[in-house]
Structure formats: C-alpha cells, structure tokens
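Spelled out from the first residue to the last, the chains are:
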Amino acid sequence: MEKGTLVEIRVHGDRRLAVADRPDGKKNWVVVDENGQPHSIPPKQISYEAAGETYKPSDISKFIKEVEAYSDPSSLEVAWEILAGDGETTDPESLAMLLFSDRSAAQCYAAYCLLSTDKLYFKQKGDRYEPRSAAQVAEIKHQQEVEQQRHQESQGFWDRVKQRLAGENVEWINSDRTRLDALERFATLGEEATHRTPALETLASLERSENPEAAFQLLVELGLWSTHENLFLRRSQIPLQFSAKVLEVAQSCLENPPTDSETNRLDLTHLKVYTIDDESTTEIDDGLSLEFLENGQQRLWIHIADPTSLLSPGDELDLEARKRTTTVYLPTGMIPMFPPALATGPMSLIQGKKCSALSFSVSLDETGAACDYSVHISTIEPTYRLTYDDVDEMLELGIEAEPEIGAIATAAKLRQKWREVQGAINIFMPESVIKVRGEDIDIHVIDDSTARMLVAEMMILAGEVAARYGQTHSIPIPYRYQPQPELPPEEELLAVPAGPARACAVRRCMPRSEMGLTPGRHAGLGLELYTQVTSPIRRYTDLLTHFQIKAHLRDEPLPFSAQEIQDIVMCLGTAVREASTVERQTNRYWGLEYLRRNPDAVWEALMLRWLREDSNLGLILLEELGLELAMRFGRSVEIGDRFEVKVTHCDPRSDAINFQEVILEPAQ
C-alpha cells in the first residue's frame, strides 16, 4: 500500500474511509480519516482499498457523495437476475461495469458496499461473490418479512403496554397473546417457566426488574390480573373453563333432555323430602325423608341426586367430569365438576320439582345399627329446601307440623352413639368458611350444630349401606377405608386440655384414608365398610359408584370392570390431592389477607401444639376465625394456654405472618 491510498477501515465494528499516510512499524499503517484523526491500523482492519488514484483526507467527503449517487440497493436485484441465470460470480469491479458501464473508484466502491452489506442476493466466497439460487432468495425474503413483522408486532405491543400503563384503554390483538402468556407463565412459575424470553424482553423494555414479582405487578397494572390473583390455582392442572363442545352438549341436555332409560323408577313423590344445606349451596345433591310405618316403626330415606340419568359412561359429560374429578371450593367461588347450568339445574334436587334420585331405605334397630335396607332408582319431589340454621331452629322450637325432622335428628343421635361404640373417633376442630365478595372478606366459623350432625350421620349411613350393597353383590366400587390409628395413652391425652388442643393431638395420629376395591374398616367412622356415594354432582368417585349400583339394580352388565375401576381411581388420586391442596392454600391466603387488613385487631388465641419446641415455635388457633397459624413465643407457654395476640407483620403473597402477644396492664 502507498501513501495517499483511499481505504475502508473497521473501527469498533463501524466502517470508515481514511487515507494512508505512513507505515507504522513492520505491519501497521497510520491512516487519517476525514476529520483529520490518525489511526494506527493493522492489515486485518483494512477491508477495502480504492485502486488507481491517490487522495487526501479532505477528499473523503466528496468521494462519499460520489458513491451515494450509485448506491441504489434495487440495482443489486437487477445484477443478481443477470448473474444468477448464468451462474457467474462477480467482484466489485465487475459489478460496477455491469451496473454503471464504468469502473471509477467511486463506482467500484459503491459496488463493493452493495455486495458487502447484502444479505439477500449474494454470498461471499473469498474475494468474489456468488449469486444465491432463486429458492434461497425466496426463503431469505420470507425470513426477513417474518422478522420485520415480528419486530412491528413487538413494537406495537410495547406501545400498547405503555399506553395502558398511562391510563389509556387499549385493545389487545391476537399477536399480543404470546407475550402476555409468557408474562403470566413467568409470574406464575418463575424460573421453572418455559419460553420466558418474551416476558424478559417486555420487562427489560419497560426498565423493570426481570423477576416473577415484577411480572406479577405488571400484569396487575395492565388490568389483566387482580392484586389477589390465585397463583396456586394457576400452577395447578385444574381446568378453569369448559370446552365449547362440553357446553354444547350441556345446552342440548337442557333443551332436549335425554329420555330416562329407567322405566321402573320407584315413585316416592308421596314422601316429604327435606334438603338441608348452607344458604349459599347451589348444587343440591341430597335429601332426607322419614316414613312412619303402620307397625309403629320408622324408615329413613336418604335420597341422592341422580346425574347419571343425563349421561352415560364414556360420553362427553362423563369424561369431562372424570378429568375434573371434583368440584373445587374456593373463597372466591367454586370450579364445578359439571357445567353449572346442569349441576344447579336438572342434576340437583330442586324444591317442588320431580327429580331423579338414587334412594336408600334404612331401618335402624334399638342400638342404631342398620338392620334392614334397600336401594332404589327413584323419583322424588323435594318438599322443603332448608338451611342448617332453619333445622336447628325447628329442633329447638319443636315444631309439631314437621315431626319428621325431630325423628331424623333422634335417629342421627342414635347412629352417632352406635358408631362411637364401634370405635368411631370424633374430632371436632373449629372450621372456618371464607367467602370473598368483591373487596369484602367474610370469615364464618362452622358450629358443631345438631343440624350439621344430622346431615353428616345420614350421609355416613348412606355410605355404609352402599358399601354393604356392593359387598353383598360383589360389585366393584371404590371403597374408602382408614387404618386404625395409634393414639397416645389415655392418661397422656387426658393431660391435654379438652377441646381443640386435645382434638389436635388426636388428629395428628390419624392416618390418611385410602381408596380401593376391597372393603376395609374405616377406623375414623367406626364402620367395617364404607364408600362415598352422596355427592355424585361434586365427586367423580361417587358418580362411579352410582353407575355401578344402578346397573346392578337394573340387572344389566356393569359399565366398569374391577380393573377399569382400579385404573380410574388411581388416576383420580393425584387430581383429588391437587384440588385439596389448592383449596387449602387459597383459604390460607385469604385468611392471611383478612388478618393483614385488620392490623389493630386483638385476637384470642389457643396454643394447640408445638411445631419446634426447641425454638419456641408453636401452632395457635384463632378461635374467633377458626384459623390455625404458627407463632414464635417469647415466653414459656403450655399446650392449651389462652392468650391475646396482634399481627405485627403479614404478607399473604409470601405466606408470612408474625404475631405479638398482647400483655394486659394490671389494674391500678
């Protein structure tokens, strides 16, 4: 290279024109750019040399203007079409001659710039450039269009996000869903989320922290999530919506109910039927009757809703219920097993309407044991829809017009005593029911009332009768059993104060109940065999039992073999546990949120048990709310002690709460 040669150099990735001035050492050259700035450049940083003329740094700007006159990218397409047809390679000089019919320094450099910046028509091979095939050019064009569209979509999305954050209303478009979904996954699952890149890009573009908490907050600010978004539910596999196909089938059932396949339903519409539930209950799946017989005896009737009258094993509704497994009850509402229009409509036992049912007729002996029973596919007409409070009031007042209620309550008490004799283990712990309506949180503690005991005993009785029927006729159904617990010695239990603390001590010893095809003793209930049959609208295992028992009553082949029942039950177990976990976690969240909103409240607490006695960490019960929470004590306490506490810190989202004991000042 000689002094005055015009060269293109690369400085920090930028291309720049300069004029060679003098050698610098063995290999480098000092070149001077158009601003008069010298640079010591090794040969590898020189990307182009203009041949034929010498220049001064002051000539560079004029040269650039000459080059611009020839720098039309569209001309490259013309050259490609000519060269691609012949399969010829080219170089800057040849291309300049082809395009401009001359090869001046400015024309050759313009050709070089077109070739070296081109990503579409030519690819470099050594000092020459080879035209790509038509197929390759078409594919690259497609990729460029896709990338341009993606860039436009990204920019549009970020613009809409900024508008929404500024308080403007925006309409999200379909292409936004990918980025919003990525934000939701990242906020829900954190580092375990897949395809996090769009979420991280969004947070980075807004100059926010790239963590799940920031994603959560952004979704709230965008109005897409609530401050109290249920992440436990989002992390689960619980389906939140019914498919269009399932809703279509449900609507068809409502408009054109299937013909009842039961031609011999027992007509029990003459019986007075009571349904007893919480006031908020919408899926009414059980009712009670009492029949006074001529011999002075009494016959209990337990009627269970018959949703199988609207579906068949393996049909769309049955498979949807099997997938969902159970209705999930949350403070903010329930996620039903069946479409609500069916579950609260024709599947339920509705007052004043003729309803399909599976009815259990039971007579008790003087001890409370079921001495005679029968099972019937029936038709009933519920007479009264009562709440637990209604029934408690009726029993307290002794309303003579409804002697059946009093008789059923007497039978329930007899049953309870009989089960206790059989070894039943009754554990009563205050249980809170949390309801969230808008911004209001209501916590109600369930009382151990006579009405609730009455209904519970009748449902347990129906479960025992169904299990006995299944065992007697060798019907494969999902039985529930519970191993015998190893309780502490009686003197040890009696040393714990009676009430919740002692119940808590017993509860810790109770093994989990199990499910299988072989009948077994249910230690907690004091029954030799038991199955769940009373909630077929809300529990799929109950629905399975209905299918099996009804088929046997009709003297038809059973819809499910023992192996099929076993397989289904095994699959259901995981979903049931997941639903239970989500219910527990969600209730805890809203319990903590209630406490967070009442920082000045003083709560009466009961010490239930030690969690880690060596670090003074115990489990306390806020009796007024029915909430069990951990507390670290600053003094010596005993199980069963009562004291007052205040919340000093509560963060429901991170599941953190701290209490401080309130010490009352002695009166002066």
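Heads up: the structure comes first, above all this text.
The structure reproduced in this document is the subject of the present report.

About the thresholds
- Residues numbered from 1 in each chain as written.
- Predicted model: local features only at pLDDT ≥ 70, side-chain atom pairs only at ≥ 80, totals over all residues.
- Heavy atoms only, no water.
- Pairing = 2+ DSSP bridges.
- Helix = DSSP H or I, 4+ residues; strand = E, 2+ residues; numbered from the N terminus.
- Axes fitted to C-alpha atoms, helices over the stretch in contact; angles between N-to-C directions.
- Buried < 20%, exposed > 50% of the residue type's maximum accessible area, 1.4 Å probe, protein only.
- Parallel < 35°, antiparallel > 145°, perpendicular 65-115°, else oblique.
- Contact = heavy atoms within 4.5 Å.
- Core = buried A, V, L, I, M, F, W, Y, C linked by side-chain atoms within 4.5 Å.

**Brief notes about the sheet that holds strand β23 (residues 627–632)**
Part 1 of the reasoning: With antiparallel pairing, the five strands of this open sheet are ordered in space as β23-β22-β21-β24-β25. The sheet is open, and its two borders are formed by β23 and β25 (656–661), each paired with just one other strand. Ignoring which end each strand starts from, the neighbouring axes of this sheet average 45° apart.
Part 2 of the reasoning: Of the strand pairs in this sheet, strand β21 (residues 603–612) and strand β22 (residues 617–622) are connected by six bridges, and their pairing is antiparallel.

**Side note on the pairing of β22**
Part 1 of the reasoning: In terms of residue burial, β22 counts as a mostly covered element, since six of its six residues are buried.
Part 2 of the reasoning: The two faces of β22 match: Leu617, Leu619 and Leu621 on one face and Gly618, Ile620 and Leu622 on the other face are all buried.
Part 3 of the reasoning: Counting the residues between successive antiparallel strands, the hairpin from β21 to β22 contains four residues, one of them, asparagine 616, with a positive phi of roughly 60°.
Part 4 of the reasoning: Strand direction decides the pairing type here: β22 and β23, joined by six bridges, are antiparallel.

**Description of the packing of helix α13 (residues 388–397) against helix α15 (residues 450–472)**
Part 1 of the reasoning: Packing of α13 against α15 leaves a shortest axis separation of 8 Å and a crossing angle of 110°. The orientation of α13 with respect to α15, classified from their angle, is roughly perpendicular. Residues Tyr388, Val391, Asp392 and Leu395 of α13 touch α15, and the partners they reach there are Thr450, Ala451, Arg452, Leu454 and Val455.

**Looking at unusual backbone geometry**
Negative phi values dominate among residues other than glycine, just as trans dominates among peptide bonds.
Part 1 of the reasoning: Of note in this structure, histidine 195 is not a glycine but carries a positive phi near 50°.
Part 2 of the reasoning: Along the chain, histidine 195 turns up in the loop between α6 (176–189) and α7 (197–205).
Part 3 of the reasoning: For threonine 325, which is not glycine, the phi torsion reads 75° and is therefore positive.
Part 4 of the reasoning: Structurally, threonine 325 is set in the loop between α11 (316–324) and β12 (328–330).
Part 5 of the reasoning: Note on threonine 325: relative accessible area 3%, which makes it buried.

**Let's talk about the nonpolar core**
Buried together is how nonpolar side chains tend to be arranged in soluble globular proteins.
Part 1 of the reasoning: Ile276, Ile302, Phe360, Leu454, Met458 and Leu461 are the most contacted members of the largest nonpolar core, which totals 42 residues.
Part 2 of the reasoning: Of all the secondary-structure elements, those providing two or more residues to this core are β9 (274–277), β10 (286–292), β11 (298–305), β14 (355–364), β15 (370–380), α13, α14 (403–421) and α15.
Part 3 of the reasoning: In terms of residues, this core owes the most to one element, α15, which gives twelve residues.
Part 4 of the reasoning: When near neighbours in sequence (up to four residues on either side) are disregarded, leucine 454 contacts Ile276, Leu288, Val391, Ile405, Ile408, Ala409 and Ala412.

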